Every structure is written in structure tokens, then in C-alpha cells.
Amino acid sequence: MAAATHLCGIKTPYCFSKKALHSQSLCSQKRLNFDLLTESCETLRVSYPSKGRGGLRVVCDARKNDVLVQSEAKSQGLEESINQLSCVMKFGGSSVASADRMKEIAELILSFPEENPVIVLSAMGKTTNKLIVAGEKAASCVSDVSEINELSFVKELHYRTMDELGLDKSLITDHIEKLERLLNGIAVLKDMTPRARDYLVSFGECMSTRIFAAYLNKIGVKSRQYDAFDIGFITTDDFTNADILEATYPAVANKLHSDWNNDPAIPIVTGFLGKGCRTCAITTLGRGGSDLTATTIGKGLGLREIQVWKDVDGVLTCDPNIYPGAEPVPYLTFDEAAELAYFGAQVLHPQSMRPAREGDIPVRVKNSYNPNAPGTLITKSRDMSKAILTSIVLKRNVTMLDIVSTRMLGQFGFLAKVFSTFEDLGISVDVVATSEVSISLTLDPSKLWSRELIQQELDNVVEELEKIAKVNLLQHRSIISLIGNVQRSSLILEKVFHVLRTNGVNVQMISQGASKVNISLIVNDSESEKCVRALHSAFFETDLAVADLVNHNGNGNGT
Ligand SMILES: Nc1ncnc2c1ncn2[C@@H]1O[C@H](COP(=O)(O)OP(=O)(O)O)[C@@H](O)[C@H]1O
Ligand SMILES: N[C@@H](CC(=O)OP(=O)(O)O)C(=O)O
């Protein structure tokens, strides 16, 4: 805490040059982020956290090229241009899994004193999963919901956390009582509708945000809790997987800005939740939906940056659960990240890149367990001149359909009929490959909570399509998506097929999307992990791997 000693001794207002500030004695201070001083903005503020937000401030005035340390009262003139909500920081379940983790996150937020962040939180640890299981048990056969282990787990976790943080438990007793009443209702009906399930899981985020906001206030950092469904997050009524409607952006921005301007306090917002536009009931945005809450707030408020804090060092070259040696990817474009998320990388919610791309707001994926790691920066464009393969993504348990026309219809009529069948049944498709008389495609399971298509739906699809075609339904397939510079597809594919042939794997379908960042291969589930590891090793681990490709391609430009 050398910074504290040094700056506390300064009588305000006090001026010193930027050069002095950059000198070792000051810049080594951990708590002040002097990198910002190189930015070309007119004025910027570095607040000094140990006196609370709004205590001493360090103000850099780029026009004068010097730095002014002021007391709160004296800095009022500059306040309007600089003291606005600046970024959004989203913390996932693992980042707020316990009292200790919450304390670390509070520290982390305070270590960015120059920011006035909007905080988005997920439910603590595995709370969402536990609540779903509790609901399923209540709907099945229990006579007394208080016997459900998962309910006891959730209660105990939240009460213990509050105890360890020194907070009054009464803050969430109302929620716990409502949760028990809801489970009793589900037990009486012996049914958990999607609507009831969304209400049930919402307790996770409602409680984590209340606890964290109370903790920040307790340690002297003024904060205010918000339930997303009460501040303008308006969604479709597709329970368990709702879409955010346009009206959300201005509504949320108005609410958060006006509260901030009237009485500044760090907003702590529930991730994952919304309010159905017709039903007015609580909806959820699909698993991992807090990422989407964060990017929606980022776009709505026009913030400088969106940070999503996870338990890994950023977006990695593949799923670390498949291959622990996966490496962080330093830069991605919105297109690459969207494709990666859509094709199954758990690290980002499939829809989360849309608002960030529309608002052109950089997204930084960081590790809350290792804040010094640089993470991944996702922006509109990046230097692709040396990019070949960025990341390998695996989506398991996919259903594939081979549909061969019986030639009852012409080519256009055939394709139109196939796609209108999927539209009518509300099923979207992931990967498609066509010839004149046949089409192979995979079905998108993400619209269902369980991420597995139910048999009934599949039977309906096959029955409808068999009116015009011979249909072969193939289950237990995997999509391996190669995200990268598809301008170099020949080089990528040459290597891919060499690796797969060496490993004796047969590719059942291949597709290169119009997005120019993704090549998809379909293989059997049983071979998919082996394939990902072999591809990872070929593309990312041998020194020769990348050099090989670049040299092979002359100047490295395959176009
Ligand atoms: N390509 C990938 N890069 C990084 N993490 C990945 C990737 N694929 C899968 N994961 C998994 O995603 C997890 C992080 O996502 P998630 O659990 O949703 O985070 P949070 O709950 O903190 O928002 C990691 O712990 C990792 O196991
Ligand atoms: N709690 C929700 C929403 C979410 O975004 O969670 P996480 O950030 O921990 O993936 C879920 O588990 O799906």
C-alpha cells in the first residue's frame, strides 16, 4: 500500500507532471491504473479508493499535460464530463461461489478506481443447477419439500455466506420463504412448467446480488441492487430461453443513468433474468445468460468496455475439460467469438456477442482467479494477416438428418419444403450441406433447456419430411467447429484431413459457413474428443505447425 502512504501525504489541490507520475515511485502503485494516462481523452479521473469512492481524486488534464490531485469538493467542475458509469463487469457463478470469493471480487472492483462500473452477477456457484434439481424432485414424488437436499444446500450456502460476510440474514429470508412456497406449489401440482422453472431459478441471481450489494455497502462502497426484470429487461415469453426485445436498451439506460445521476451508487444487477412482454412473468435468457445481460447493458448505456470475468484465462484454444493444455486466445473478432459461442464453447452465451457487435463495444474476457492474466479482447476487427486457426469447439450429442428427395418436387420446391417443415415445428438447424437432390443437416438443440431434442419432436420432423424424401436420422454425432481465418481453408483442410486420416476418423459431413470464420466437421460422438485433441496438437502445439502453414502459403496470404 505504498500508494496510500504517498498520496495521503499530499495536501490537495496539488499538481505534478505526468512524467513524475510515470516515474517508478508512483507508477509501481498497484491500486492506480496509470495506463490510462496515455489515452488521448481530454480529462480522466483516477479515484483513490481507500477513502471510499468520491474521496481524493487524481485528475489528469491532458491539455495542461499535468496531473492534479484534488479533494472531492474541488473536482466538481470536472465531474460532469468524467464521473459517468464507464464499463460493465460481469462475474459468473464461480466468481461469486463463496464469501471469500465475494470478498476477492469486491477487492478486484476496487482495484479499478478509475472505473464507475455496472456490476452483473450470476447465481452463487452451482445454485442454478441445484434449484432445477430441487424443482424436478418437487414435481416428482416428495411429500415434504424441506427434505429436498438441494433446497437445504441452497439455503445453507446463502446463509453461511451472509454469516461469513457479517450480514444480517433477514435480507434474504423473504426470498427463502417464497422459494419454499414455490417448491410446495410445484409439489402439489406435480408439474414444473417452463414458467415455474424460470421463476424458481431466478432466486439464485436475486439472492447473490442482494448479498453482494449489502457487502459492498458494509465495507463503505455505496452500491444499489437491481432485479433486471424490474428495470426494463423486456423479453419474449419463451420461458427458459427468452430473447431480449429492443425496448430494453433505452429503458435500462434511463433507469441506471437517472439513478446514478440522482444518487451515485454502483449498480449490482441480476444477470440471466428478464420480464416477458405479454405475461409480465420472470423469464430467463438461456443457460449462461448473464453474459448477454452484461452486453445488453454495455450497448444500452453506450459504455466503454464490457468485461466478463470467468474462471479461465480468457477464451482458450479449446475446451480445457477436453484438453487441459488449451492456451488463451489474446484477440478475437465479434464474428469469431459469436461463432465460437454459437457452436458450443461454454465460455460465452451464444447470443451475447450481438449487442456488443451492434454497439461496437469491446468485450474483455478475464479470469477472476488470475486478474493479472491479459485475457481475451474481442473487437470488431483484428489483424488477420497471421491468423490461421483460432480455436476448436466441440458440440456433442447432435442429431443429423440425411434427407434425399424422392423427386416429387423440383429442386427449389424440395429445399423450400424441407426448411418450411423446420420452421413450422420451431426447430432451427446448425450446419447444412446440400446437393441438387439431397440435404444433410444438424438440428440445433439449444432451444430446449436440456440441450437435447426430445424424441417426440424428432418423430414429427421425420414424419413430415418422409412425405417428400427418404430420411435417415443419425444420432450421437458431434460438430467440431474450426474457428479462424477461412480465407485459408485449403491449408486448414489439408492439415485437418491429414490429422483425421492418421487417426482413422471418418468425416461424415463438412460445411464452410458464409461467416468466413468457421469450418464445421461432423464426426461420431465416440471419436470427437480424440479428434479435438489431435487437431489441437497439430495446429497449436508443434512449433512447426503454424510456420508450416504460413511458409507453405508463401507470403501467408491464402486468398
Ligand atoms: N474455448 C473455451 N475457452 C474457455 N473456456 C471454455 C472453453 N470451452 C469451454 N470452456 C469452459 O467454460 C467455462 C467458463 O464458462 P462459464 O462456466 O459459463 O463461466 P462463468 O460461470 O464464470 O460465467 C470454463 O471453466 C471452461 O471449463
Ligand atoms: N446462473 C445462470 C446464469 C449464468 O450466466 O450463469 P454463469 O455466468 O455462472 O454461467 C446459469 O447457471 O445458467
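Residues numbered from 1 in each chain as written. Chains lettered and ligands numbered in written order. Predicted model: local features only at pLDDT ≥ 70, side-chain atom pairs only at ≥ 80, totals over all residues. Heavy atoms only, no water.

Q: Lay out the nonpolar core in plain terms, naming residues and giving numbers.
A: Ile 297, Leu 348 and Leu 482 are the most contacted members of the largest nonpolar core, which has 68 residues in total. It is helix α17 (residues 525-541) that contributes the most residues to this core, 6 residues altogether. For this core, the two domains that each supply at least three residues are domain 2 (87-310) and domain 3 (390-552). Each residue touching Leu 482, except ones within four places of it in the same chain, is listed here: Leu 389, Ser 391, Ile 392, Ile 492, Val 496, Val 517, Asn 518, Ile 519, Leu 521 and Leu 535. (Core = buried A, V, L, I, M, F, W, Y, C linked by side-chain atoms within 4.5 Å. Buried < 20%, exposed > 50% of the residue type's maximum accessible area, 1.4 Å probe, protein only. Helix = DSSP H or I, 4+ residues; strand = E, 2+ residues; numbered from the N terminus. Domains from an automatic or database assignment. Contact = heavy atoms within 4.5 Å.)

Q: Lay out the packing of aromatic side chains in plain terms, naming residues and giving numbers.
A: A full pass over the atoms with the stated rule returns 4 aromatic pairs. When the centroid spacing of 5.9 Å and the interplanar angle of 25 degrees are considered together, the rings of Phe 91 and Trp 309 count as stacked. With Phe 91 in strand β5 (residues 87-91) and Trp 309 in strand β12 (residues 305-310), this residue pair connects regions lying 218 residues apart in the sequence. Taking the relative accessible area as the measure of exposure, Phe 91 reaches 0% and is therefore buried. Taken together, the ring pairs connect Phe 91, Phe 112 and Trp 309 into an aromatic cluster. Between the NZ or CZ atom of Lys 130 and the centre of the ring of Phe 153, over which it lies, the distance is 4.5 Å. (Phe/Tyr/Trp six-rings, centres within 6.5 Å; stacked < 30°, edge-to-face > 60°. Lys NZ or Arg CZ within 6 Å of the ring centre and 35° of its normal.)

Q: Go over unusual backbone geometry with me, naming the residues and quoting the values.
A: Across residues other than glycine, the phi torsion is negative in most instances, and most of the peptide bonds are trans. In this model, Asp 360 sits at a positive phi of 50 degrees, which is unusual for a non-glycine residue. Tracing the backbone through its elements, the reader meets Asp 360 in the loop between α13 (353-359) and β14 (363-367). Judged by relative accessible area, which is 40%, Asp 360 ranks as partly exposed.

Q: Describe the sheet that holds strand β7 (residues 223-226), naming the residues involved and giving the relevant values.
A: To summarise the sheet geometry, strands pair through backbone hydrogen bonds and adopt either a parallel or an antiparallel arrangement. Across the sheet, which stays open at both edges, the 8 strands sit in the order β7-β9-β6-β5-β12-β14-β15-β13 with mixed pairing between neighbours. Looking at which strands have only one partner, the edges of the open sheet turn out to be β7 and β13 (331-333). Ignoring which end each strand starts from, the neighbouring axes of this sheet average 20 degrees apart. Bridge analysis of β12 against β14 gives 5 bridges, and the strand direction is parallel. Paired with Val 308 across the two strands is Val 365, which belongs to β14. (Pairing = 2+ DSSP bridges. Axes fitted to C-alpha atoms, helices over the stretch in contact; angles between N-to-C directions.)

Q: Can you lay out the packing of helix α6 (residues 127-140) against helix α8 (residues 170-189) for me, pointing to particular residues and giving the numbers?
A: Close contact between α6 and α8 brings their axes to 7 Å; oriented N to C, the two are set at 40 degrees. It follows from the interaxial angle that α6 and α8 lie oblique. Every pair of crossing elements has a handedness; the one defined by α6 and α8 is right-handed. Across from Leu 131, Ala 134, Gly 135, Ala 138 and Ala 139 in α6, the residues of α8 making contact are Leu 179, Leu 183, Ile 186 and Ala 187. (Parallel < 35°, antiparallel > 145°, perpendicular 65-115°, else oblique. Left-handed = near helix turned anticlockwise from the far one by under 90°.)

Q: Outline the environment of Leu 151, listing residues and values.
A: Take Leu 151: it is sitting in helix α7 (residues 149-164). Sequence spacing of Leu 151 and Ile 176 is 25 residues, and the spatial spacing of their C-alpha atoms is 9.4 Å. Other than its neighbours up to four places away in sequence, Leu 151 contacts Ala 134, Val 145, Ser 146, Leu 179, Glu 180 and Leu 183.

Q: Now, about the packing of α7 against α8: what can you tell me, with residues and values included?
A: Interhelical geometry of α7 versus α8 gives an angle of 175 degrees and a closest axis separation of 11 Å. When the axes of α7 and α8 are compared, the pair comes out roughly antiparallel. Two secondary-structure elements touch here, α7 through Leu 151, Val 154, Lys 155, His 158, Tyr 159 and Met 162 and α8 through Leu 171, Ile 172, Thr 173, Ile 176, Leu 179, Glu 180 and Leu 183. Across the contact of α7 with α8, the residue classes tally to 9 nonpolar, 2 polar and 2 charged. (Nonpolar A, V, L, I, M, F, W, Y, C, P; charged D, E, K, R; others polar.)

Q: How would you summarise α6 if you had to cite specific residues and measurements?
A: Taking 1.5 Å per residue, 14 residues should reach 20 Å; α6 reaches 20 Å between its end C-alpha atoms and fits that length. Every buried residue belonging to α6 is among Thr 127, Thr 128, Leu 131, Ile 132, Ala 134, Gly 135, Ala 138 and Ala 139, and all of these are buried. The arc that holds every buried residue of α6, seen down its axis, measures 160 degrees, which confines them to one face. (Expected span 1.5 Å × (residues − 1). Arc of directions from axis to C-beta.)

Q: Tell me what's going on with the confidence of the model for the protein, and back it up with residues and numbers.
A: Caution applies to low-pLDDT regions: their predicted coordinates should not be interpreted in detail. Mean pLDDT over the protein stands at 83; residues scoring 70 or higher make up 79%. Under a pLDDT of 50 for its full length, residues 1-82 has, in the predicted model, 136 contacts with residues more than four places off or in other chains. This model gives residues 544-559 a pLDDT under 50, and the stretch forms 24 contacts once residues within four places in sequence are excluded. Our summary of model confidence lists the complex with pTM equal to 0.82 and ipTM equal to 0.98. (pLDDT = per-residue confidence, 0-100.)

Q: Break down the site of ligand 1 for me, citing the residues and quoting the values.
A: Taken together, 16 residues form the shell around ligand 1, and within it Lys 90, Lys 310, Asp 311, Leu 316 and Gln 346 come nearest. Between ligand 1 and the protein, one listed contact pairs an oxygen atom with a side-chain N or O atom of Asp 311 at 2.7 Å. Here ligand 1, which alone exposes 570 Å², has 87% of that area covered by the protein. Tallied by class, the residues present in the shell around ligand 1 amount to 6 nonpolar, 6 polar and 4 charged. (Near = heavy atom within 4 Å. Polar contact = N/O pair within 3.5 Å; in protein donor to acceptor, adjacent residues only side chain to side chain. Areas by Shrake-Rupley, 256 points an atom, 1.4 Å probe, with all protein chains shown as cover.)

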